[in-house]
Each structure stands twice: as C-alpha cells, then as structure tokens.
Amino acid sequence: MSIQQEKIKKLVERRASARLGGGQKRIDAQHQKGKLTARERIALLLDEGSFEEFDMFVQHRCTNFDMDKQHFDGDGVVTGQGTIDGRPVYVFAQDFTVSGGSLSKTMSEKICKVMDMALRNGAPCIGLNDSGGARIQEGIDALAGYGEIFERNILSSGVIPQISGIFGPCAGGAVYSPALTDFTLMVKDTSYMFLTGPAVVKSVTGEDVNQEQLGGASVHASKSGVAHFAAKDEAEGIAVIKELLSYIPQNNMEEAPMVPTDDPVDRTDDSLNEIIPDSPNKAYDMYRVIGGIVDDGKFFEIHKDFAKNIIIGFAHMNGRSVGIVANQPKILAGVLDINASRKAARFVRFCDAFNIPIVTLVDVPGFLCGTQQEYGAVITNGAKLLYAYGEATVPKVTVTLRKSYGGAHIVMSCKQLRGDLNYAWPSSEIAVMGADGAVNVLYAKEIKAVADPEEQKKIYAEKKAEYDELFSNPYQAAQKGYIDDVIEPRNTRFRVIRALEQLAGKKQEIPAKKHDNLPL
Ligand code: HXC
C-alpha cells in the first residue's frame, strides 16, 4: 500500500468511527428508548444522497474533569447541508450518544457555522434537538455557546425559515433556541421541554409532576402552545417538517413554490350555501368551509390542539401557498381570547415575513370577557393580532361568514387594517354587538318600565327586529364600502382565488423605522 493509500484508508476509518458517534452501545440504548440517532434522522429528512456533512472531525477543547481523555469526532452534533424535495436546507442534529448531546463550545461553533451559511445562502435552517443541555464540564463556555446560537436565531428571524424538531430532552435555557425559531415540533412520549426538571420543581414549589406532565409534547401542543406540532413518532415528525417546508419559501426575498393542481379554479361548493344554521347560537364546523375552498380540500394545520377557537394553517389556492386564519364557531363560539390572539398573531407575522398571502375567514362574536382574561392581559394579547394584521403588507383577503362583532371585527383583518379585498356572505352580521346584547344595553330601562311581561316581550322583539334589519346583514357595511362585495358562499373559492391573482403584484410600504414595538 502506498503512503497515499495508507492515508486514504485512515480517512475512511476515521469517518466510519465518527459516524458511530458515542459508539454502538449508546446507539443501541438510543434505539431501545424508541429514538433514532442524529444520522438516522438526517437520512429521513433529506433527499437521498444529498447530505454534505461539515466539521465531522471537530473535537471539544475542554480539559476540566479529565475531559481531555474523552474525545469523539464530531463532538455530539451532526451538521451540514442537503436538499428536501430538491430545495437546499441547512441542518444540525444533536447526537445524544456523545455526552448526551450536551452543548460544548465547539458544538455551538458547528451549529453557528451552519446557521451562518443558511442565512448567507438564503435557505431554511432545521435544528433537530436531543440534548442534556449545557455541557456541565465546560461551564460558562457552554453557556456562551448558547448565547451565540440565540443571537443567530434572532438575526435569522424573518429572513430564513427556522424550524426546530425536539426529539429528546431540551431543558434549561436550551429551550430558548427553539422558542426563537418559527416552528417547533415535538415527538410524543420521547421529547420534553422545560426550564427546570421535575426534581427542581418539587424542591422549589413542592409540586409533584413528572417530565411528561411538565413539558411533554401533548402539554406544549395543547396547553402552552410552545409546540406547533406533536408527532406520534420520529418518522411522522420528520414527515411533518418536510410537508411544512413545501408551503414556505426559501427566504424572505422569495415566494413559496407553486403546486399545480387539477382542482378547477371555478369549482363551486353548494354545501356552503347551506352551512350557516338559522339560529345564530348554533355552531357549524369551519373545517368544512376551509376544505370546500382550498385546492383538493387539503389543509396543513398548525397548532391543531392549541386555542382551538381559532384555526391557522397553510393550503394552496390555485397552486399558490396561502396562510389561512379562521375563527372556529364550534369551539367557544369562535370567540377571540388570549391564546387564540397570540396563536394567530404569530402566524400572521410569519406569513407576512415570508410573502405568503393571508386568507381570513371570519365568524367571531367578540373577545372573551372576565377577570381571567383581563388579568392575563387579553388587551395586550388581542392587540398583538390587531397589530400583526395592520402591519402585514402581503395580500390579505377576508371573507366574513356570519358574526363579526365589535373589536373582534376590526382585529380580524378588516378593511381599515389595510385588508385588500373584504367579502361577506349574505349571512354576515357586521355590528358593534349581537342583537340581544344591543337591545339589552339600549332598551333595558325602557322595557323594565313597562309592567306587563307580555308587553315587555313585544317591545323587546320589536327592537330586536329593528336592530336585525339594520345590522344583522352585510349591507350596512357594503353600502359604506367597508366590505367590497357580498358573495354567494358556493362561489367563495373562485372569488378568493381571483382576488389573490389580482393582488399577486401587490406592493405596500410601512414607514421607515428601526423596528416596530409590537405589544409583547
Ligand atoms: C455533560 C451530560 C449532560 C450534560 C447528560 N450527559 N447531560 N454530560 N453535560 N448536561 C451525559 C451523561 O453523563 C451520560 O454520559 C450521557 O450524557 C447520557 O446521560 P444519561 O443521564 O445516562 O441519560 P438519561 O438517563 O437518558 O438522562 C438524560 C438526561 C440526564 C435527563 C438529559 O442526563 C440529565 O438530567 N442531564 C442533565 C440535564 C441538565 O440539568 N442540564 C443542564 C440544563 S441547564 P455517558 O458518558 O455515561 O454516556 C442548561 C443551561 C442552558 O442547559 C443555558 C442556556 C442559556
């Protein structure tokens, strides 16, 4: 064997050893927990053969606690570049088999390198987290590493899409990187996120709670909203990330890919002409409306289990990616509350940052009232959604289906918040409040002054009829140009698509500023 061949053999051996991470025993242990390794995850995520790895031979530089005696090539994270459906992405996947995927300074340098490349080259950055947190032996160096990553998350925000997959532990300050990214996905039963684990919680607050109850996927997908998706296993989680990417552009200077469809633009849906119940107190399912108007009825929902009174997600309309925001009359009558407002606000801002038009479907009785909401700052949180719509310069098409009352009417992408095209179904009621509430406020004293209960009922009914005539329809708003047209429900798909095509070249500015001061 020549010297050169010897050297090549060594390279091949060293690569093979690096690919084993912390060794076969730890890989087996990872599998026994129902988890994949970092490399297996990357292989599932990227197009076959597309992965180019960087920094495979990086080793940590720590000498504390005999760390200089344990070195693993790659140092607990696999980083590189590849493609998903032919589109470039940058990726890092923490390798739990090496020091529990804990973050060393060198690991952070590897992660920062791909984050920088993603930003420079205008491609999404995907982080697959599986880590015991800061590498304890490195102390402040590890913490500094986190700081470097967070700063890059912030600088990349709104420029390239950032997606976090949580495939194992993610604890302490480490949770803030995923929280800074655009979308966070967790895997049920094998991943968790919290600032402090159950033992610390017990010692500080006395509360008895296990990892799953404290920060499992179901908790964050339904209660806190920290996770946008909770997958049943890792394969499903990876598939969700890939599908999500198909709706979004590579960066803020591009548009999302078009997805050609055979679904006719002028397809009508007669069932929509029947969907609104006669009684305003009866619910219907907003998913049926969404399914009836988007291409092939296909809707990619985000935050499915969190604040279900509002629905958000992506779909295509005549091949164009759109963000859908819709009140859900089936849950809490579609009322806006703290969680619904912040859920929708973040989504609207994502769509706006990444040139994705927003289609808003309105059936909202108002904001939820009461001390719980007021103490929780429903005012500030509601203002987030108002702000998000008002600042958004992407095409905004709004369809009011039924109720659109009070402050919630304004918040839900009304004309005055620079809504581009605002349509209403004939069943719309656009007013300060519903008829019952209004009659009570305006005529309670007058009605009480009448002794005969039958007469009281009569006056009530008369006043309600008067109010209904005036406001429980879209024509007051249409007369004043606050909505652009009253449309037949069955034609909604066609009308929205035509609006989006009209608005495809939209350009709108906001005044120059350092940055806004969104009510946080
Ligand atoms: C160094 C670590 C480590 C860490 C785990 N390991 N966490 N090494 N620093 N933070 C090592 C273990 O020593 C072990 O090494 C291997 O990883 C696997 O760990 P196990 O404990 O055997 O695995 P498991 O039983 O599955 O438990 C996983 C775990 C536990 C729950 C994550 O390891 C754990 O509690 N780790 C500490 C978590 C933590 O408190 N981190 C700090 C959070 S604060 P060997 O050699 O045996 O394989 C933080 C601040 C960030 O991160 C601030 C940012 C601003």
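See the structure printed just above.
Cut-offs and rules
- Residues numbered from 1 in each chain as written.
- Predicted model: local features only at pLDDT ≥ 70, side-chain atom pairs only at ≥ 80, totals over all residues.
- Heavy atoms only, no water.
- Core = buried A, V, L, I, M, F, W, Y, C linked by side-chain atoms within 4.5 Å.
- Buried < 20%, exposed > 50% of the residue type's maximum accessible area, 1.4 Å probe, protein only.
- Helix = DSSP H or I, 4+ residues; strand = E, 2+ residues; numbered from the N terminus.
- Pairing = 2+ DSSP bridges.
- Axes fitted to C-alpha atoms, helices over the stretch in contact; angles between N-to-C directions.
- Near = heavy atom within 4 Å.
- Polar contact = N/O pair within 3.5 Å; in protein donor to acceptor, adjacent residues only side chain to side chain.
- Areas by Shrake-Rupley, 256 points an atom, 1.4 Å probe, with all protein chains shown as cover.

**Q** Quick one: what's the story with the nonpolar core, residue by residue and with numbers?
**A** Formed by 56 residues in total, the largest nonpolar core has its most connected members in Leu 45, Ile 126, Phe 314, Val 325, Leu 336, Leu 385 and Met 412. The element that contributes the greatest number of residues to this core is helix α12 (residues 338-353), accounting for 7 residues. Among the nonpolar cores identified, the runner-up in size contains 29 residues, and Ile 293, Val 322, Leu 361 and Val 496 belong to it.

**Q** Tell me what's going on with the sheet that holds strand β3 (residues 87-94), and back it up with residues and numbers.
**A** The 7 strands are arranged β1-β2-β3-β4-β5-β7-β9 in an open sheet whose pairing can be described as mixed. Each of the sheet's edge strands pairs with one partner strand only, and the pair in question is β1 (52-54) and β9 (229-231). Each strand axis lies, on average, 20 degrees off the axis of its neighbour in the sheet, ignoring direction. For strand β4 (residues 125-129) and strand β5 (residues 162-166), the ladder comprises 5 bridges, and the chain directions are parallel. By the bridge assignment, Leu 128 is partnered in β5 with Gly 165.

**Q** Which residues make up unusual backbone geometry, and what values go with them?
**A** If you check the backbone angles, Asp 75 has positive phi at about 50 degrees while not being a glycine. Inspection of the secondary structure puts Asp 75 in the loop between β1 and β2 (77-84). For Asp 75, a relative accessible area of 1% corresponds to the buried category. The backbone of Asn 318 sits at a positive phi, close to 50 degrees, despite the residue not being glycine. Inspection of the secondary structure assignment puts Asn 318 in the loop between β11 (310-317) and β12 (320-327). The exposure class assigned to Asn 318 is partly exposed, which follows from its relative accessible area of 22%.

**Q** If you had to explain the site of the ligand to someone new, which residues and values would you point to?
**A** The local shell around the ligand holds 21 residues, among which Arg 26, Lys 33, Gly 100, Gly 132 and Ala 134 are the closest. Between the ligand and Gly 100, the relevant distance is 2.9 Å, taken from an oxygen atom to a main-chain nitrogen or oxygen of the residue. Within the contact set of the ligand, a nitrogen atom lies 3.1 Å away from a backbone nitrogen or oxygen of Ile 136. Surface burial for the ligand is 55%, taken as the share of its 1,000 Å² of free accessible area covered by protein chains. Of all the secondary structure elements, the ones that give two or more residues to the shell around the ligand are α5 (140-156) and β6 (169-171).

Keep in mind these numbers describe shape, not what the thing actually does.
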